[in-house]
Amino acid sequence: MTKHVSRSRVSARPIPLNQILAGDCVKVMNSLPESSVDLIFADPPYNLQLKGELHRPDNSKVDAVDDHWDQFSGFAAYDRFTRDWLAAARRVLKPDGAMWVIGSYHNIYRVGAELQNQGFWILNDVVWRKSNPMPNFRGKRLTNAHETMIWVSKSENAKYTFNYEALKSLNEGVQMRSDWVLPICTGGERLKDKDGSKAHPTQKPEALLHRILVGSTNPGDVVLDPFFGTGTTGAVAKMLGRDFIGIEREEAYREVAAKRIARVRKFDNEALVTTKAKRAEPRVPFGQVIERGMLRPGEELYSTDSRYKVKVRADGSLVGHDMKGSIHQLGAALEGAPSCNGWTYWHFRREGRMVPIDMLRQQIRAEMEAEKGRPN
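Here's a quick rundown of the structure. Since the structure is predicted, the reported quantities are computational estimates derived from the model, not experimental observations. Going along each chain's sequence as written, the residues are numbered from 1 onward. Confidence filtering applies because this is a predicted model: local features only for residues at pLDDT of at least 70, side-chain atom pairs given and counted only at 80 or more, and all residues used for totals across whole chains, interfaces and linings. The side-chain numbers reported here are obtained from all heavy atoms of the structure, hydrogens and water having been left aside.

## A few points about the overall build of the protein
Secondary structure elements are taken from DSSP: a helix is a run of H or I of four residues or more, a strand is a run of E of two residues or more, and numbering for both begins at the N terminus. On a plain count of helices and strands, the protein comes out with 12 helices and 14 strands. Buried residues in the protein amount to 45% of all 376 residues. The Shrake-Rupley method, run with a 1.4 Å probe, gives the accessible areas here. Residue values count only the displayed protein chains as cover. When the accessible surface of the protein is summed, it comes to about 20,000 Å², and 49% of that surface belongs to carbon and sulfur atoms. Burial here depends on accessible area, computed with a 1.4 Å probe over protein chains only, as a share of the maximum for the residue type. Under 20% is buried, over 50% is exposed, and the range in between is partly exposed.

Here it is, written out as structure tokens:
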């Protein structure tokens, strides 16, 4: 089911859309207008606690995460950091907003506990299973082949966005599960610095952000990434017609991200339309089909298999076989079924063909959408 985010009233202060902001994420988020973003994707430091260098069996050094931004004096320091940035994120998130946080076994449990402490409501934990993980060179543990994402709404009753049908379409018509098999960032997508080394050790693949943004945002939504890195969130947001705000402390990452996003082109508006749940589409009473002259009183309708024939009445009800009722009631009664979707059950004849009356409903809906898009 698609739930649409209600646009809450925000401060008069301008929102710095489609910009990369420099500085500490807590301070920068606290400078943003309250309740101003629809979704947050957060990839915080994992606090890997590496003890020395890591080498492959051939003694070559592994390019692991040993950057200063991932180093904390201990769990207490990391917990303070987590508490502070989550509080700032909660402040800037709209009442019906949501957040995704990604992590490894080093930090995700501590983050998850603090999310609940601060009142966020956990919707799912999603396992990103890497189809090409880095081997465990020391051979003393299992290969770390996945990371965990926690998807939360701001509160238990928040009307967060969930594009169920769009994710189902991404998954070949099958309901999307909570275990996602996607490759890590490699090849041409992996950004390099001027020396030819990885620009960022934990660059996330665009496929991951594509799935998240298609599933939990709509075009025009504002997506905040407080740990922007080399800008995967911003690049995918721009492609998909979402606005982004990036926060990044490291100048080198900001430079790489800015160049990357400048090269991105937004997909055309028609391509950005995703599959919506039927119940999310505007309601069209069958009587409106009659009022608009698309079907006339007295015109005959036929069941899917042509066994039953009924007549349309001026008030949008049907009559036939000593029964009368709505398109749904009469279809259910004739089939002896508890319910019936009359829109797909009943057909009319045009030029020798049987056409479902649902075609008329879709025509009205298309006109309603076109009218909604016209300027006042």
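## Digging into helix 5 (residues 206–216)
Of all 11 residues that make up helix 5, eight are buried, and the element is covered over most of its length. What helix 5 keeps buried is the set Leu 208, Leu 209, Arg 211, Ile 212, Leu 213, Val 214, Gly 215 and Ser 216.

## Some points on the side chain of Asn 107
Secondary-structure assignment places Asn 107 in the loop between strand 3 (93–103) and helix 3 (108–117). Using a relative accessible area of 0% as the deciding quantity, one classes Asn 107 as buried. Whenever two N or O atoms come within 3.5 Å, that pair is a polar contact, provided that in protein one can donate a hydrogen and the other can accept it, and provided that, for residues adjacent in sequence, both atoms are side-chain atoms. A distance of 2.9 Å separates the side chain of Asn 107 from the side chain of Tyr 78, its partner in a polar contact. Engagement of the side chain of Asn 107 in a polar contact is seen with the backbone nitrogen of Ser 104, the distance being 3.0 Å. Two residues form a contact once any of their heavy atoms are found within 4.5 Å. In this structure, Asn 107 is in contact with Pro 44, Pro 45, Tyr 46 and Tyr 78, ignoring residues within four places of it in sequence.

## Points about the sheet that holds strand 7 (residues 222–225)
Either a parallel or an antiparallel arrangement is found when strands of a sheet pair, and the pairing is made through backbone hydrogen bonds. If you walk across this open sheet you meet the eight strands as 1-8-7-2-3-5-4-6, and the pairing is mixed. In the strand order of this sheet, the two ends are held by strand 1 (19–22) and strand 6 (179–182), each with one partner. With direction set aside, neighbouring strand axes in the sheet form an average angle of 20 degrees. For strand 2 (residues 37–42) and strand 3, the ladder comprises five bridges, and the chain directions are parallel. Across the sheet, the residue bridging to Leu 39 is Ala 98, located in strand 3. Between N-to-C directions, angles cover 0 to 180 degrees, with each direction set by a line fitted to C-alpha atoms, over the stretch in contact for helices. Where helix 5 meets the sheet, its contacts fall on strand 2, strand 3, strand 4 (121–130), strand 5 (146–153), strand 6 and strand 7, and the angle it forms with strand 6 comes to roughly 140 degrees. Strand pairing requires that DSSP identify at least two bridges connecting the strands.

## A few points about the packing of aromatic side chains
For Phe, Tyr and Trp, rings pair up if their centres lie within 6.5 Å, where Trp contributes its six-membered ring, and each pair is then called stacked (planes under 30 degrees apart), edge-to-face (over 60) or tilted (otherwise). Scanning the model with the defined rule gives 11 aromatic pairs in all. A ring pair is formed by Phe 286 and Trp 343, whose centres lie 5.8 Å apart and whose planes are at 70 degrees; its orientation type is edge-to-face. Of this pair, Phe 286 sits in helix 9 (residues 286–291) while Trp 343 sits in helix 11 (residues 342–345), and the two are 57 residues apart along the sequence. Trp 343 shares its class with Phe 286; the two are buried.

## Comments concerning helix 2 (residues 75–92)
One less than the residue count of a helix, multiplied by 1.5 Å, gives the span that helix is expected to have. For helix 2, spanning 18 residues, the distance from its first C-alpha to its last is 26 Å, which sits close to the expected 26 Å at 1.5 Å a residue. All of the buried residues along helix 2 are Ala 77, Tyr 78, Phe 81, Thr 82, Trp 85, Leu 86, Ala 88, Ala 89 and Val 92. Here the buried residues of helix 2 occupy an arc of 160 degrees about the axis, which is enough to place them on one side. Here, the arc refers to the directions that run from the helix axis to the C-beta atoms.

## Let's talk about the pattern of salt bridges
When a carboxyl oxygen of Asp or Glu lies within 4 Å of a side-chain nitrogen of Lys or Arg, that pair is called a salt bridge. All told, the structure shown has 13 salt bridges when counted by the stated rule. Close ionic contact of Asp 79 with Arg 110 constitutes a salt bridge, the shortest N to O distance being 2.9 Å. One end of the pair, Asp 79, is in helix 2; the other, Arg 110, is in helix 3, and 31 residues separate them in sequence. On the basis of relative accessible area, Arg 110 is assigned to the partly exposed category, the value being 31%. One network of salt bridges, in which partners are shared, links Asp 305, Arg 307 and Glu 335.

## What to know about the packing of helix 6 (residues 232–239) against helix 7 (residues 251–263)
Geometry of a packed helix pair, given as the angle between the helix axes and the separation of the axes. Put simply, helix 6 and helix 7 touch, their axes get as near as 9 Å, and they point 15 degrees apart. Taken together, the axes of helix 6 and helix 7 lie roughly parallel to each other. The hand of the helix 6/helix 7 crossing is right-handed. Contacts between helix 6 and helix 7 involve Thr 232, Gly 234, Ala 235 and Lys 238 from the first element and Arg 260, Ile 261 and Ala 262 from the second. If an angle is under 35 degrees, it is roughly parallel; if it is over 145, roughly antiparallel; if it lies from 65 to 115, roughly perpendicular; otherwise it is oblique. Throughout, a crossing is termed right-handed when the near helix is turned clockwise from the far one, and left-handed when it is turned anticlockwise from it by less than a right angle.

## A word on the pairing of strand 6
Burial along strand 6 is one-sided: Trp 180 and Leu 182 are buried, and none of Asp 179 and Val 181, which face the opposite way, are. One ladder, built from four bridges, connects strand 4 with strand 6; its direction is parallel. Its bridge partner being in strand 6, Lys 130 is matched across the sheet by Leu 182.

## Quick look at unusual backbone geometry
For Asn 18, which is not a glycine, the phi torsion comes out positive at approximately 55 degrees. Notably, His 321 is not glycine yet its phi reads approximately 55 degrees, a positive angle. Within the secondary structure, His 321 sits in the loop between strand 11 (318–320) and strand 12 (323–325). On the basis of relative accessible area, His 321 is assigned to the partly exposed category, the value being 42%.

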